[in-house]
Amino acid sequence: GMVVKTMDGELNMSKMGGLRKKLPLTSISFIIGALAISGIPPLAGFFSKDHIIASIFDQGYYIIAVTAVFVSLLTALYMFRVFFLVFTGTPREGSLYDNAKESYISMKIPLILLFVITIFVGFLGYDTHNSLFFSRFLNYFYVEAYHVITPVLTMVLSIIAGIIGIFIAYLLY
């Protein structure tokens, strides 16, 4: 919404580019949101995605779990496609770029709150024994292997899928 507003309602990403310089707050907020929705730890999206995929796998729905991991790759790919097209590279339409500027404080405050929440909310309500992230990532050797191998495997696969999606977007866009 911030980009569309600053670009005078333009929705065509192929007319954008290089906006990271003109919209630094929006750019940082977008990349944090894109990393979160791609399931990259320790952002909020990682915690929910990890739990969902591990639960699906634990219940024996292996094809659905593999599909969820693949969807993680696709999500990272399309989010970073947007990031690379809009915020990196050179401006593609000079007049739109020249007029671009960060929005008013009334739009900046919710944006800042959202990216701060995205960074820290995943840690709320988790302790080292019940948290998927901590018990499977930090305390791996403390927990019995039988209860942790599958969730660690699905967590690692989904993180790798997100990273691959980001890398493919980088190569293509």
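Look above for the structure.
Throughout what follows, the structure given in this document is the object of discussion.

Rules of the game
- Residues numbered from 1 in each chain as written.
- Predicted model: local features only at pLDDT ≥ 70, side-chain atom pairs only at ≥ 80, totals over all residues.
- Heavy atoms only, no water.
- Phe/Tyr/Trp six-rings, centres within 6.5 Å; stacked < 30°, edge-to-face > 60°.
- Helix = DSSP H or I, 4+ residues; strand = E, 2+ residues; numbered from the N terminus.
- Buried < 20%, exposed > 50% of the residue type's maximum accessible area, 1.4 Å probe, protein only.
- Axes fitted to C-alpha atoms, helices over the stretch in contact; angles between N-to-C directions.
- Parallel < 35°, antiparallel > 145°, perpendicular 65-115°, else oblique.
- Contact = heavy atoms within 4.5 Å.
- Nonpolar A, V, L, I, M, F, W, Y, C, P; charged D, E, K, R; others polar.
- Expected span 1.5 Å × (residues − 1).
- Salt bridge = Lys/Arg side-chain N within 4 Å of Asp/Glu carboxyl O.
- Core = buried A, V, L, I, M, F, W, Y, C linked by side-chain atoms within 4.5 Å.

### Notes on the packing of aromatic side chains
Here is step 1: By the definition in use, this model includes eight aromatic pairs.
Here is step 2: Aromatic side chains Phe-30 and Phe-87 sit 5.5 Å apart centroid to centroid with 45° between the ring planes, which places their arrangement in the tilted category. Separated by 57 residues along the polypeptide, Phe-30 in helix α3 (residues 24–37) and Phe-87 in helix α5 (residues 62–87) bring together distant segments of the chain.
Here is step 3: Owing to a relative accessible area of 23%, Phe-30 belongs among the partly exposed residues under this scheme.
Here is step 4: Among the residues examined, Phe-87 registers a relative accessible area of 1% and is labelled buried.
Here is step 5: Between Phe-80 and Phe-84 the ring centres are 6.0 Å apart and the planes differ by 50°, which places this aromatic pair in the tilted class. Taken as a pair, Phe-80 and Phe-84 lie in helix α5 at a separation of four residues, close to a single helical turn. Here the two residues Phe-80 and Phe-84 agree in accessibility, since each one is buried.

### A short note on the packing of helix α4 (residues 44–58) against α5
Here is step 1: Where α4 meets α5, the axes come as close as 7 Å, and the angle between the chain directions of the two elements is 155°. As the angle between them shows, α4 and α5 are arranged roughly antiparallel. Contact residues: α4 offers Lys-49, Ile-53, Ile-56 and Phe-57, while α5 offers Tyr-62, Ile-64, Ala-65, Ala-68, Val-69 and Ser-72.
Here is step 2: Here the residues of the contact of α4 with α5 are counted per class, giving eight nonpolar, one polar and one charged.

### Overview of α4
Here is step 1: Taking 1.5 Å per residue, 15 residues should reach 21 Å; α4 reaches 22 Å between its end C-alpha atoms and fits that length.
Here is step 2: Listed in full, the buried residues belonging to α4 are Ala-44, Gly-45, Phe-46, Phe-47, Lys-49, Asp-50, Ile-53, Ala-54 and Ile-56.

### Some points on the side chain of Ser-158
Here is step 1: Looking at the element boundaries, Ser-158 is found in helix α9 (residues 145–172).
Here is step 2: For Ser-158, a relative accessible area of 0% gives the class buried.
Here is step 3: Residues within four places of Ser-158 in sequence aside, it is in contact with Lys-49, Ile-53, Val-69 and Ser-72.

### Observations concerning the pattern of salt bridges
Here is step 1: Considering all chains together, one arrives at one salt bridge under this definition.
Here is step 2: In this structure, Glu-10 engages Lys-15 in a salt bridge whose closest nitrogen and oxygen atoms are separated by 3.7 Å.
Here is step 3: Under the relative-accessibility criterion, Lys-15 is labelled partly exposed at 29%.

### Quick look at α3
Here is step 1: Counted at 1.5 Å a residue, the expected span for α3 with its 14 residues is 20 Å, and the 20 Å between its end C-alpha atoms agrees.
Here is step 2: Restricting attention to buried positions, one finds in α3 the residues Leu-25, Thr-26, Ser-27, Ser-29, Ile-32, Ala-34 and Ala-36.
Here is step 3: Packed against the buried residues of α3 are α1 (2–6), α2 (19–22), α4, α5 and α7 (105–120).
Here is step 4: Directly after α3, the chain includes Gly-39, whose backbone phi takes a positive value near 80°.

### What about the nonpolar core?
Here is step 1: One finds Val-3, Met-7, Met-16, Leu-19, Phe-80, Val-86 and Phe-87 to be the most contacted residues of the largest nonpolar core, which totals 21 residues.
Here is step 2: Counting only elements with at least two residues in this core, the list comes to α5, α6 (94–99) and α9.
Here is step 3: With eight residues, the single largest contributor to this core is α5.
Here is step 4: Here Met-16 is in contact with Val-3, Met-7, Glu-10, Leu-11, Leu-85, Val-86, Thr-90, Pro-91 and Arg-92, once residues within four sequence places are set aside.

### Examining the environment of Gly-17
Here is step 1: Locating Gly-17 in the fold gives a position in the loop between α1 and α2.
Here is step 2: Judged by relative accessible area, which is 2%, Gly-17 ranks as buried.
Here is step 3: Sequence spacing of Gly-17 and Thr-90 is 73 residues, and the spatial spacing of their C-alpha atoms is 5.3 Å.

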